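Close look at the chain arrangement
The chain contents come next:
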Amino acid sequence: MSVRSFQSPVAAPLAIIFFLAIGPFHDERSPSFAHADDAIAADGENQTQKNPTRVLPGGKRPNDRRLGPLKDLGGYFPFDVPESKEAWRSRSMEIRRRLLVANGFWPMPTKTPLNAVVHGRVDRGDYTIEKVYFESYPGLFVTGNLYRPKNKPGRRPAIHSPHGHFPKGRFNDEGLETVRKQIVEGAERFERGGRHPLQARCVQLARMGCVVFLYDMLGYADSTQLSFDLVHRFGERLRPEMESPEAWGFFSTQAELRGQSVMGVQTYNSIRALDFLAGLDDVDPERIAVTGASGGGTQTMILCAIDSRPAVSFPAVMVSTAMQGGCTCENACLLRVGTGNVEFAALFAPKPLGMTAADDWTREIAAKGLPELKRLYAMLGASDKVMARPLVQFPHNYNYVSRAVMYSWMNEHLNLGLDEPIVEEDYDPLSIEEMSVWDEKHPMPPGGPDFERRLVKWMTDDARKQLEALRPADAESLDEYRRVVGGAVDTIVGRKLPPASAIEREKIGNLDAGDYFQFTSLVRDKSHGEEIPVVFLHPKKWNGDVALWIDGRGKSTICAADGSPRPEASRLLAAGASIVAADLFHQGEFLENDPPKPAAGETRKVKNPRLFAGYTFGYNHPLVAQLAHDILTLTAFIQSDDHGPAKRIHLIA
């Protein structure tokens, strides 16, 4: 194939994505295509008034699944278990790459020194608690508390513990009235432990012989450099000072185009927290588990999917085929296109995966999600290493009953060797002052808009350096360039060239125009429920070349106002080449009777009052990818058309 021209502003980046997605084109530049570089006259208004390329009756749109409702975070996300280990290996690599690309980790940011500070030791007799802070990115500090068992020499198992969306995070206090009600309902045992459930699980795990790191999610407790409202409540794009092409912040167009998100930063904090924990002298790096609930369950899932170091995973009240996580810190563009949380959790297989469910979006886990996970684990020879305990008598929680399930799971799979049942005992909680890492000797670092811009600039500069280092200089470096850059494009496009068996053509019209035939057809990708209106100009003396004509205004540009082929198209036909012109998605006939009628190239967004791109593009392909899908469909159609296989396919944009 050869790319001849990029005159349409829509088609230019589209053709580049198509090029990277399916591999290099054959550089077979035929002189007969030289005139295709001529500019196409911009008389779209006449084409709208008289359209000789019409395929469907006036007012009717293609029968295309993409015209239906968009998917959003409250949709249905089943996990389809692959048929074989080999198929799962391929699928898991694809989904893991999606997670990395969506979080801005493709390639992974350059790891800088943690510069960890541990201070303020509190002794509670059988365990100690220390205050910790370290730098994940330069200038961005992860804050938390480190719980250590006493009188247990040697390297010990460790628990990496993101807290989730509980009020005040690490400083959480449920209050006396709430905990007394929970004790009556059987959700908690003690007033003090129930009021501070995050501390309760750390204390119990330390008493079980584990080193535990409870760290702040962005915006909570001591982690205020990026505010709670920014990270978890962002809803309106009313920050013009964060939209400059030279200096920007999160949620801006510039940030989204570069894969820079608060979810990515939060996930990177989790990775660096794992670096910190695994690097401690008293931690066995081969026995690290991760557990968190709610948003901490999301972090548990994601971290265990993309990092090979955790040995045990226990995401509580989060793994579900239903709601996928409503916070901006749990969503990013590209993240869940064609996948979902159950499959994310499955990426940990065959290592031990435990879960709990509650009377929330996880309530159906026993019927939807767990059977598929069990089937996968059985296929991988690890049937006994996946479990979900539905505790639907309780609302969304990580209460004592749920924690008890987790303690038993950790005991078994971290080989703690403790007698069962493990019963959580009461303890003396820390005050906020005892927990907080910042004091006169350890002052709180600056935050706010200026810091946000500096952080994003560091991320941008680091990514630029890494991409520049990928510039190919020989065959080996070219392979790496294609793996990284081509792999990212594969994720963005999210589709391969479909097999011929998936392609169907319905012929609508046939006109004998003398030297050529003009066919109107519908070309379908049956596997995805997509339908493309196509005009096919086929010379009676065909030389085997096919020109795939791509234009931002659709297939009508192949003809002049009087219905005859444009001069550029006439020259192609005279040279013996066939021409395939189509209305790609959101062009031409796709725009008929679509109230309110969108402009060509305009994309839709989900019905979410919060104006965050990740709520739409985290679940749905961006328009440029959908256009690339149609080019792939048309390429497969050309390769299998009943007129005979094409010798060469020329993409003309």
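Let me sum up the structure you'll find in this document.

Definitions and limits used
Residues numbered from 1 in each chain as written. Predicted model: local features only at pLDDT ≥ 70, side-chain atom pairs only at ≥ 80, totals over all residues. Heavy atoms only, no water. Patch = residues over 30% accessible without salt bridge, like charges linked within 9 Å, V, L, I, M, F, W, Y side chains within 5 Å. Areas by Shrake-Rupley, 256 points an atom, 1.4 Å probe, with all protein chains shown as cover. Salt bridge = Lys/Arg side-chain N within 4 Å of Asp/Glu carboxyl O. Lys, Arg positive; Asp, Glu negative; His and termini not counted. Charge placed at Lys NZ, Arg CZ, Asp CG, Glu CD. Helix = DSSP H or I, 4+ residues; strand = E, 2+ residues; numbered from the N terminus. Buried < 20%, exposed > 50% of the residue type's maximum accessible area, 1.4 Å probe, protein only. Contact = heavy atoms within 4.5 Å. Phe/Tyr/Trp six-rings, centres within 6.5 Å; stacked < 30°, edge-to-face > 60°. Lys NZ or Arg CZ within 6 Å of the ring centre and 35° of its normal. Pairing = 2+ DSSP bridges. Core = buried A, V, L, I, M, F, W, Y, C linked by side-chain atoms within 4.5 Å.

1. Digging into a negative patch on the surface
On the surface, Asp384, Glu412, Asp419 and Glu420 cluster together to form a negatively charged patch. With respect to the helices, strands and loops of the structure, Asp384 is situated in the loop between α12 (370–379) and β10 (386–390). A residue is classified by how much of its surface remains accessible, and Asp384, at 55% relative accessible area, is exposed.

2. Quick look at the environment of Gly338
Tracing the chain through its elements places Gly338 in the loop between β8 (312–316) and α11 (341–346). Along the sequence, Gly338 and Asn620 sit 282 residues apart, while their C-alpha atoms lie 8.0 Å from each other. Ignoring sequence-local partners within four residues, the contact set of Gly338 consists of Arg91 and Glu343.

3. Here we look at the packing of aromatic side chains
Here the structure, examined in full by the defined rule, presents 20 aromatic pairs. Residues Phe612 and Tyr615 carry aromatic rings whose centres are separated by 5.1 Å and whose planes lie at 80° to one another, so their mutual orientation is edge-to-face. A relative accessible area of 6% places Phe612 in the buried class. The exposure class of Tyr615 is buried, given its relative accessible area of 2%. Across the ring face of Tyr400, the terminal group of Arg189 is positioned such that the distance to the ring centre comes to 5.9 Å. Note that Arg505 overlies the ring of Phe519, its terminal NZ or CZ placed 5.5 Å from the centroid.

4. Thoughts on the pairing of strand β6 (residues 211–215)
The element β6 is extensively covered by neighbouring structure, given that five of its five residues are classed as buried. Side chains Val211, Phe213 and Tyr215 of β6 all project onto a buried face; the interleaved residues Val212 and Leu214 project onto the opposite face, where all are buried too. Bridge count for strand β5 (residues 156–162) against β6 is five bridges, and the pairing is parallel. In the strand pairing of β6, Ile159 is matched with Val212.

5. Topic: the nonpolar core
Judged by nonpolar contacts, the single largest core of 87 residues is most densely connected at Phe213, Phe250 and Leu277. Beyond its immediate chain neighbours, meaning those up to four positions away, Leu277 contacts Leu146, Ala158, Ile159, His160, Val211, Phe213, Val283 and Ile288.

6. Side note on the pattern of salt bridges
Evaluated as defined, the whole model comprises 43 salt bridges. Close ionic contact of Asp275 with Lys111 constitutes a salt bridge, the shortest N to O distance being 3.0 Å. In this pair, Asp275 sits in helix α9 (residues 262–278) while Lys111 sits in the loop between α3 (85–102) and β2 (117–123), placing the two residues 164 residues apart along the sequence. On the accessibility criterion, Asp275 (16% relative accessible area) is buried. With its nearest N and O atoms 3.1 Å apart, the salt bridge here joins Arg553 to Asp551. We classify Arg553 as partly exposed; its relative accessible area is 33%. Taken together, the salt bridges that share partners define one network made up of Asp64, Arg66, Arg495, Asp525, Glu530 and Asp630.

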